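A structural walkthrough
Residues per chain are reported as follows:
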Amino acid sequence: MAMQMKPSVSLLIILFGMGSWIAINGVWAELPLLVSKLPEKWDLPTYLVLIIQVANIGPIIFTIMRQYKKDLASLRYTAYLILLIGFAAAILLSQFWDKEVKIGSKQSSLALLFLSFLFALVDCTSSVVFLPFMAKYPSSYMIPFYIGEGMSGVMPSMLALAQGTGGDTCYNASGNASSDGPRFGVNVYFGLVSTLTAVSGIAFYFLNNLDVSLNERYDNIAVSSTLPAQSPDQERAATPEDTASSALDPSETKLANIRVYEVFCGERRSELVDTKWNFIQLYTIIAIVSALGNGVIPAILSYACLPYGPTAYHLATELALFTNPICCFLAFFVACKRPPVLGILCSVSVFIATVIIYTATLSPTPWLVGTGWGSFLIVLLNILWTGSTSYIKVNVASVLQKYGENTLLFCGIVTQLGSCLGAVIIFLVNFKTNSFTPC
């Protein structure tokens, strides 16, 4: 029987997971306004994607320290540092987001780009910190974590929707460039993002200090299961925590502590052929969806959407982020743990991404431009893309979690490597071939 999750712990994990990408998602959700106000214009998403990949130096350094100086790379204290830096950077961005510096003959939003780098540094590092931290809990808690990660997009999106679109309308879409201004400023928006980061930090503190959370961890479950038998005088009534611990599925622990290196190169590799093949499939899927989802699509989405107007871009960005936790929640009821089926879903996602990329190459006059159907279809495509990849990632992580901390650490590494590869490719394509043309 699978272990029953505690609602209070699930809520704390959701709030903790919200801190994983809330900083950089906050910037993405505000892009419809930023591209109309900053000198980089439509190229701003491409610059941001490249900056995010440069920030992968963070997870690289952490992974090396984790392997050789584990005492200096504590998951707990690194997570606190990540959330603190994200909070401070959001406060600074609320004050300096529109400060420009002249570099050569061009104006540049240096403050926003630098603070976005700090955002990216902590968020990329969270991939190799937060996931291994979640290995302390049974695999059923991976779904609340991914719901929380989805909330890191939903909460900024709710703020952006409340703020309103603002910005300019593409001439190809409507023939004019007028639009209503936002209901509140960018500085207020990033101030609210910093508050959400603080909430995530508080939730993480409670996860590490409340008994209800500590009793759910594998290490405490293992201690309780190995205690010596008590005499009749020492016996006591079973507590709710004892009941939860005894309900742990044995299959949750028998695979623990397998290292990815052992599967491919270790002495036991002949015994782990099936595990090796599963790892190859799962990590390939993660690499593909990360390359497209974190590298390619964000960089070209402005070219695909803005010809239909700022409202289409706004809705494509915000509603797609809403889709993320919904599809993660779907995994509660319709889980998919078979790598071949996940591979088929990945292929469908790649097809959707290809349509979005092709639409971007047609800018500034893509199909059905200037019509309601065109706007509807581009928004729908982005929602389907985000939803399918979110569902894939949460199921892959749930499978890998049963193998222990090392496999989730490697999952984070593959995620960032795939993202980096996708970003570098789209950056070179965009600036070397001029395949994407703004209005």
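The rules we used
- Residues numbered from 1 in each chain as written.
- Predicted model: local features only at pLDDT ≥ 70, side-chain atom pairs only at ≥ 80, totals over all residues.
- Heavy atoms only, no water.
- 1 Å grid on protein atoms, 1.4 Å probe; cavity = no way out; pocket = protein on both sides within 12 Å on 5 of 7 lines; lining within 4 Å.
- Points joined across faces, edges and corners; volume = space filled by probe spheres on them.
- Helix = DSSP H or I, 4+ residues; strand = E, 2+ residues; numbered from the N terminus.
- Nonpolar A, V, L, I, M, F, W, Y, C, P; charged D, E, K, R; others polar.
- Contact = heavy atoms within 4.5 Å.
- Axes fitted to C-alpha atoms, helices over the stretch in contact; angles between N-to-C directions.
- Parallel < 35°, antiparallel > 145°, perpendicular 65-115°, else oblique.
- Left-handed = near helix turned anticlockwise from the far one by under 90°.
- Expected span 1.5 Å × (residues − 1).
- Bend = angle between axes of the 7 residues up to and from the residue.
- Buried < 20%, exposed > 50% of the residue type's maximum accessible area, 1.4 Å probe, protein only.

**Describing empty space enclosed by the protein**
Per the counting criterion, the structure on display carries two cavities of 30 Å³ or more. What the largest cavity holds in volume is close to 770 Å³. Lining the largest cavity are 41 residues, with N25, G293, N294, N324 and K393 positioned closest to its centre. Of all the secondary-structure elements, those providing two or more residues to the lining of the largest cavity are α2 (22–37), α3 (44–54), α7 (130–134), α8 (142–163), α16 (273–305), α17 (310–330), α19 (372–401) and α20 (405–433). Top element by residues in the lining of the largest cavity is α16. It accounts for seven residues. For the lining of the largest cavity, the per-class residue count stands at 20 nonpolar, 19 polar and two charged. Computed from the structure, the second largest cavity encloses a volume of approximately 40 Å³. Along the walls of the second largest cavity sit G19, A23, I82, L83, G86, V122, D123 and T197, which together make up its complete lining. Mapped onto the lining of the second largest cavity, the elements with two or more residues apiece are α5 (75–96) and α6 (110–126).

**Notes on the side chain of T125**
Residue placement: T125 occurs in helix α6. What T125 contacts, discounting residues up to four positions off in sequence, is G58, P59, F62 and I82.

**Details of the packing of α8 against α17**
Running from amino to carboxyl end, α8 crosses α17 at an angle of 155°, the nearest separation of the two axes being 8 Å. On the basis of their axis angle, the class for α8 and α17 is roughly antiparallel. Regarding α8 and α17, the two cross each other, and that crossing is left-handed. Where α8 approaches α17, its residues I143, Y146, I147, G150, M151, G153, V154, S157, M158, A160 and L161 are matched on the opposing element by H314, L315, T317, E318, L321, F322, N324, P325, C328 and F329. Taken together, the residues that form the contact of α8 with α17 break down as 14 nonpolar, six polar and one charged.

**A few points about α8**
For the α-helix, the turn length of 3.6 residues means that residues three or four positions removed from each other point alike. A rise of 1.5 Å per residue sets the reference length of α8, with its 22 residues, at 32 Å; its end C-alpha atoms lie 32 Å apart and thus fit the reference within 8%. Along α8, the largest kink reaches about 30° and is centred on M151. Judged by how many residues are buried, α8 sits mostly within the fold: 17 of 22 residues are covered. Once α8 ends, the next one or two residues include G164, with phi positive near 95°.

Take it as geometry only, folks, not as evidence of what the structure does.
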